[in-house]
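In case you want the letters, here they are:
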2 protein chains.
Amino acid sequence: MSRKVDVPVSDVRRFLEPGPVVLVSSADRGDTDIMTMGWLTVMEFTPSLVGCIISSANHSFGLIRRSKACVINLPTADLIDTVVGIGNTTGAEIDKFAHFGLTAEPAVHVAAPLIAECHANFECRLVDGCLIDKYNFFIFEVVKAQAAARPKHPETLHYLGGGAFMVSGRIISRRSKFRPEML
Amino acid sequence: MSRKVDVPVSDVRRFLEPGPVVLVSSADRGDTDIMTMGWLTVMEFTPSLVGCIISSANHSFGLIRRSKACVINLPTADLIDTVVGIGNTTGAEIDKFAHFGLTAEPAVHVAAPLIAECHANFECRLVDGCLIDKYNFFIFEVVKAQAAARPKHPETLHYLGGGAFMVSGRIISRRSKFRPEML
């Protein structure tokens, strides 16, 4: 992986709108966790908002709710077995960073650690928890974003259910067909 | 396209969780519209909930808010120019079904028409509008789902911003690595 560079937080849609599975890291009171997440959406460019479902059955739920923060990490396809392993174990029983040999790096704005092995890392603060009790729906603001400088289009994983993943394929540009204000 | 068959509404995650661009059709007071949408997430299996952002600047916003319904249609990669065209025009000026040569089929549970040319069609009713004013965020329940019987994995479009799309690629199964209750 090439070195990471800062990305404007208003640009995270480039990474998240295509719908990849992400790894969410969190920390609270000396405990850390990582969860696999597939139910998330971009909600706004500025402020940079992301909405997502975190099941209350997940060990990460309490850490994120109490600390009001997390890091959304973007894994590439070569990490598929790590992604599956993280999704099929619980942080109540194991230290996922240690168990899966992942490197925890300090974030700048939140207590949750970044996962160094991921292509991109988005530091997030909880900005609206009004739908947590009803839907387990968290609204985060991305307060810092960084990504590997290359490749521009990493191979990402997209979950289909039933243990199957789609790997991102070819890129097609239709830029010339867009009105300027839509770009 | 093979004929469409009913799909359990709890299975829509198989189509939407991978993050495709969708076409949202709507109808109200004799007017219809179609919009291109990329900001959506699955929120629950049962009831089958989908959350999405519909900009208030979009002609569809009023139709969907007033009718409290829409159809989420899943286009395949061969429809890329239609998807781009729909996203770069407004239903305030043109009839999108006519302009793009799309076939409106009656839905069963909602007034909004299905787009026949799409691989799958999900009839949706608005079930929670509490975040519309603040975020343009709509929470829908999918009340009927149908999809072409084949192919099992259609080529879908995933928007990257800047006029570029990722086309869905190869499928990898890790089913044997999942705990049964996670499938």
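In this text, all values refer to a predicted model and were calculated from it rather than measured experimentally. (Residues numbered from 1 in each chain as written. Chains lettered and ligands numbered in written order. Predicted model: local features only at pLDDT ≥ 70, side-chain atom pairs only at ≥ 80, totals over all residues. Heavy atoms only, no water.)

1. Details of the pairing of strand β9 (residues 120-128) of chain A
On a regular strand, each side chain points to the face opposite its neighbour's, so the side chains alternate between the two faces of the sheet. Residues and elements named next belong to chain A. The cut-off we apply is this: Think of it in three bands: with a 1.4 Å probe and only protein chains considered, a residue is buried below 20% of the maximum accessible area for its type, exposed above 50%, and partly exposed in between. Strands here are runs of E lasting at least two residues and helices are runs of H or I lasting at least four, both read from the DSSP assignment and numbered beginning at the N terminus. DSSP-based pairing: two strands are paired if at least 2 bridges between them are found.
Burial analysis of β9 places 7 of its 9 residues in the buried class, which makes it a mostly covered element. Of the pairings in the sheet, the one linking β9 to strand β10 (residues 137-148) comprises 8 bridges and is antiparallel in character. Looking at the pairing, A120 lines up with A147 of β10.

2. A few points about the environment of P75 of chain B
All names here are of chain B. When you line up the elements, P75 lands in the loop between β6 (69-74) and α3 (80-87). Residue classification places P75 among the buried residues on the basis of a relative accessible area of 0%. Distance in space between the C-alpha atoms of P75 and A145 is 14 Å, their sequence separation being 70 residues.

3. Examining the pattern of salt bridges
Inclusion rule: Salt bridges are identified by distance alone: a Lys or Arg side-chain nitrogen within 4 Å of an Asp or Glu carboxyl oxygen.
Counted under the stated rule, the structure contains 20 salt bridges over all chains. Salt-bridge contacts for D28 of chain A lead to R66 of chain A; the nearest nitrogen and oxygen are separated by 2.8 Å. On the criterion of sequence distance, the pair formed by D28 of chain A in strand β2 (residues 22-28) and R66 of chain A in helix α2 (residues 59-67) is long-range, its members being 38 residues apart. A salt bridge links D128 of chain A to K134 of chain B; the shortest N-O distance between them is 3.5 Å. Of this pair, D128 of chain A sits in strand β9 while K134 of chain B sits in helix α5 (residues 132-135), each in a different chain. For K134 of chain B, a relative accessible area of 59% corresponds to the exposed category. Through salt bridges with shared partners, a single ionic network connects D28, R29 and R66 of chain A.

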